[in-house]
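# Secondary and tertiary structure notes
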Amino acid sequence: MSAGQRLVLAFDFGSRRIGVAVGQEMLGTTTALEPLTARDGIPDWNVVTRLIEEWQPDLFVVGLPLNMDDSESEMSLRARKFAKRLYGRYGKPFEMVDERGTTREAKAIAHERGHKGNYREHGVDGLAAQLILAGFFQRDDVIGALLSEIER
């Protein structure tokens, strides 16, 4: 499937929960899915397999938690490892996307919608994954527009 027409599954990697969202690249739509529970960053791969079978994504997008100075953190390395495991298990390509600020933005959006602030019990992982995916789609739009300009 060519860029622009892919169904994309996005992940907001975490050690206890992994946010998941699905989106259609051409339409730029995103939908939060039920987060995956994880043990020290490792999900139940049977649940992930069912997710992959249900949605049949063409691409995985995984949030990359960089430090504010652009350096990598321990969580960055773990998110990269998770993305490589997705590729190894399911043979689908992946892209890492800078996720700085998405959790803070997800919490602000949830607060506006009436969230009471207990994020451990009622997380915003799916919303964070949606924001990561929306950022990926916007980045692709910007790159596409730049390529169009260059070609003229």
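First, a word on what this report is: a plain description of the structure on this page. All values derive from a computational prediction rather than experimental measurement. Note that residues are indexed from 1 along each chain, following the sequence as it is written. In keeping with the predicted nature of the model, local features appear solely for residues at pLDDT of at least 70, side-chain atom pairs appear and are counted solely at 80 or more, and the whole-chain, interface and lining totals rest on all residues. Heavy atoms throughout the structure, all of them, feed into the side-chain values; hydrogens and water do not.

## Considerations on the pairing of strand 5 (residues 59-64)
Partly exposed residues are those whose accessible area sits between 20% and 50% of the maximum for their type, while under 20% is buried and over 50% is exposed, using a 1.4 Å probe and protein chains only. Secondary structure elements follow DSSP: runs of H or I of four or more residues count as helices, runs of E of two or more count as strands, with numbering from the N terminus. Within strand 5, six of the six residues are buried, which leaves it mostly tucked inside the rest of the structure. The side-chain alternation of strand 5 yields two buried faces, one formed by Leu59, Val61 and Gly63 and the other by Phe60, Val62 and Leu64. Here strand 5 pairs with strand 6 (residues 94-98) via five bridges, running parallel. Within strand 6, the residue paired with glycine 63 across the bridge is valine 97. Every crossover in which the path from the first strand over the helix to the second runs clockwise, viewed with the strands pointing away from the viewer, is termed right-handed. In this fold, strand 5 hands off to helix 2 (residues 74-90), which returns the chain to strand 6; that crossover is right-handed. A pair of strands is treated as paired once DSSP finds two or more bridges between them.

## Points about the packing of helix 1 (residues 45-55) against helix 2
Note on geometry: axes are lines fitted to C-alpha atoms, helical ones only across the stretch in contact, with angles between N-to-C directions running from 0 to 180 degrees. The N-to-C vectors of helix 1 and helix 2 enclose an angle of 65 degrees; their axes lie 12 Å apart at closest approach. Seen from above, helix 1 lies across helix 2 with right-handed handedness. Touching Trp45, Val48, Thr49 and Ile52 of helix 1 are Phe82, Arg85, Leu86, Arg89 and Tyr90, all from helix 2. When residues are sorted by character, Ala, Val, Leu, Ile, Met, Phe, Trp, Tyr, Cys and Pro go into the nonpolar class, Asp, Glu, Lys and Arg into the charged class, and all the rest, Gly among them, into the polar class. For the contact of helix 1 with helix 2, the per-class residue count stands at six nonpolar, one polar and two charged. By convention, the crossing between two helices is left-handed when the near helix turns anticlockwise from the far helix through less than a right angle, and right-handed when the turn is clockwise. Working rule for contacts: check all heavy atoms of both residues, and any pair within 4.5 Å makes them a contact.

## Regarding the pattern of salt bridges
Here, a salt bridge means any Lys or Arg side-chain nitrogen found within 4 Å of an Asp or Glu carboxyl oxygen. Scanning the entire structure with this criterion turns up three salt bridges. Ionic pairing is found between aspartate 40 and arginine 78, a salt bridge with its closest N-O pair at 3.0 Å. With aspartate 40 in the loop between strand 3 (29-39) and strand 4 (42-43) and arginine 78 in helix 2, this residue pair connects regions lying 38 residues apart in the sequence. Look at aspartate 40 and you get exposed, because its relative accessible area is 57%. One salt bridge in this structure joins glutamate 72 and arginine 80, with 2.5 Å as the shortest N-O distance. Classification of glutamate 72 by relative accessible area gives partly exposed; the value is 35%.

## Regarding the packing of aromatic side chains
Classification of ring pairs rests on two measures: the distance between centres of Phe, Tyr or Trp rings, Trp counted by its six-membered ring, which must be within 6.5 Å, and the angle between planes, read as stacked under 30 degrees, edge-to-face over 60 and tilted in between. The final tally for this structure, using the stated rule, is eight aromatic pairs. Ring geometry for phenylalanine 13 and phenylalanine 82: centres 5.5 Å apart, planes at 40 degrees, overall tilted. You can see phenylalanine 13 sitting in the loop between strand 1 (7-12) and strand 2 (17-24) and its partner phenylalanine 82 sitting in helix 2, a full 69 residues away along the chain. A relative accessible area of 2% means that phenylalanine 82 is categorised as buried. These aromatic residues form a ring-pair network of at least three members: Phe11, Phe13, Trp45, Phe60, Phe82 and Tyr90.

Coordinates in, geometry out; function isn't part of it.
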